[in-house]
Each structure stands twice: as structure tokens, then as C-alpha cells.
Amino acid sequence: MTPPETAPEGEPSPLLVERNGRVATLTLNRPHRRNAMSTALLGRLDHELRKLTDQGGEAPGALVLTGAGGTFSSGADTREPDWRDLSRRAVRRAHFRTVFARLHEAPFPVVAAVEGYALGGGLELALACDLVVAGEGALFGLPELGVGAVPGGGAVHSLVRRAGRGVAARMLLIPGERVRADELARLGAVERTVPDGGALAEARALAASVAAGDPALLEAGVRLLRDSGHLDRTAALGVENGYWWQAASAANRDPSPSSGRP
């Protein structure tokens, strides 16, 4: 695997890693750029997510993703000197897609703690998490069309599914449109709002509560959640049955299929 790119000389690490008991926290750490996602930041995020998911029995019970300096992320860093260089954009794109894949495959739930702005790729990163906790005044948006791009990380699909086509259309098509966290909470795209400044503490408390559960059941639960949303009822029931047996077996609660018990 290609090693992650380092931050430019003199710039602090673009990603901070903490572990408190069963809860890990990854903090986007470019507050001077509203945590815009540079190549270096995406490379570190990809690298640290891989390390967390490869820890086996030492993996966290839950992960919190947040941003330093009172904002989550303003999206891709369009001020990088090589922003328009197609080969370099391809590197960033590969990291971004891998990050989303790692989040989807993580054997633990992921909670986003959002303050300030979650724009473009920042919104996509938040919506890739299983739960979103946000300061009630946090602003979400999709400015890609205005900078010569289109969303490419699943935000439109997630918004249509979680909040409805109308709000997805507003955020994608209306220049400068921003939607507050409290509106997205009413529509179902944000799970919990708190007074501004309290998102990280609430997200960590929620993550700790979730992480206290049985690891085998927790993993089955998050995989079921991620895999079932786009399926019809028959297919979803099949997925549920598969994860039921997986969880029962892993937790040493494996009743025989022939026993007649549910």
C-alpha cells in the first residue's frame, strides 16, 4: 500500500488520533482552512481508518469523526496548488473513495460530530457515518456545481434517501444554499442536535454508550443497517436472517436451525 502523504513542512498533522477506552476519535486538523480536505489529509484519514479496522480484538467499539476549530469540513481544498491537475485529483479521488469504503466496512459504528460547516466533501463524509450529531446552527451544503464539479461521494443519494428529494435538490441546484442542522434533523438526515459547541461531547457520550454493547452484536447491527437501506423488503429480510445467524454464532448463542426456536 502507498504510504500516506505527509503534511507540508511546518504544518501540523492534518489528522489527530485519540483513543479513550472503547471510543476512538479522528479529528480533521486544518482549522486555518476550515478543515478543507487536502491530499495529505485524505491520505492520513485513509491510513488511520485502515489501522483502526485492522486491529481485530483491539479495534474500537465506536469511532467519532469531527473537525478542529469549530467547524467540520468545508470540503475539498480547492486552493491546493495542483488542484486542477488531473493526475493529482485522481490521487485525491482514490483516497476519498477508499475512505468511504472503509467507513462502510468498519466493524463498529461511526458517529459524526458536526459544528460550523459541513460542505461538499465534508457533507459527504458526515453522511457516510452511521449517526450524525450536530450543533443546531451547523450549516450543510453542496457547492460543487459552483466550482466546476459535481458531488461524487454519495451525498445526493444519502440526502434523497434520508431527507427527501426536495432538500437534495435545494442543496445541489441552488447556488449558495445552506441548510441548518435543525431542519435536517426534522427531515431525518441528522440524528441529534445540541446547542452549538456541544456536538463533540454529545457524540462521544453516544459513542461510549453504543460501544458498551456486545461487539459481535454491534458489528452485525451496523452491517445490517448499512446493507439494508437500499433493498426491497424480501431482500432486506434475507440480509437480516444472514446477520442474525452470524451474530448468534459469533456470540456463542447459536440455536440449531432445526430446533424450531426463533
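This structure is a prediction, so every number in the text was calculated from the model and none was measured.

What counts as what
- Residues numbered from 1 in each chain as written.
- Predicted model: local features only at pLDDT ≥ 70, side-chain atom pairs only at ≥ 80, totals over all residues.
- Heavy atoms only, no water.
- Salt bridge = Lys/Arg side-chain N within 4 Å of Asp/Glu carboxyl O.
- Helix = DSSP H or I, 4+ residues; strand = E, 2+ residues; numbered from the N terminus.
- Buried < 20%, exposed > 50% of the residue type's maximum accessible area, 1.4 Å probe, protein only.
- Pairing = 2+ DSSP bridges.
- Right-handed = clockwise from strand over helix to strand, strands pointing away.

## A few points about the pattern of salt bridges
Piece 1. Under the definition given, this model contains 16 salt bridges.
Piece 2. In this structure, Arg-102 engages Asp-46 in a salt bridge whose closest nitrogen and oxygen atoms are separated by 2.7 Å. On the criterion of sequence distance, the pair formed by Arg-102 in helix H2 (residues 86-105) and Asp-46 in helix H1 (residues 39-53) is long-range, its members being 56 residues apart. Exposure class is identical for Arg-102 and Asp-46. Each is buried.
Piece 3. Put simply, Arg-30, Arg-33 and Asp-77 are held in one network by salt bridges that share partners.

## Some words on the pairing of strand S1 (residues 15-20)
Piece 1. The pairing of S1 with strand S2 (residues 23-28) spans six bridges and is antiparallel. In the strand pairing of S2, Leu-16 is matched with Thr-27.
Piece 2. Count of turn residues in the S1/S2 antiparallel hairpin: two residues, of which Gly-21 carries a positive phi of about 65°.

## Details of the pairing of strand S3 (residues 62-67)
Piece 1. The buried fraction of S3 amounts to six of the six residues, a majority that puts the element mostly inside the structure.
Piece 2. Going residue by residue along S3, you find Ala-62, Val-64 and Thr-66 tucked away on one face and Leu-63, Leu-65 and Gly-67 tucked away on the opposite face as well.
Piece 3. Note on the crossover from S2 through H1 to S3: the handedness is right-handed.
Piece 4. Here three bridges tie S3 to strand S4 (residues 110-114), and the two strands are oriented parallel to one another. Pairing of Leu-63 across the sheet is with Val-110, part of S4.

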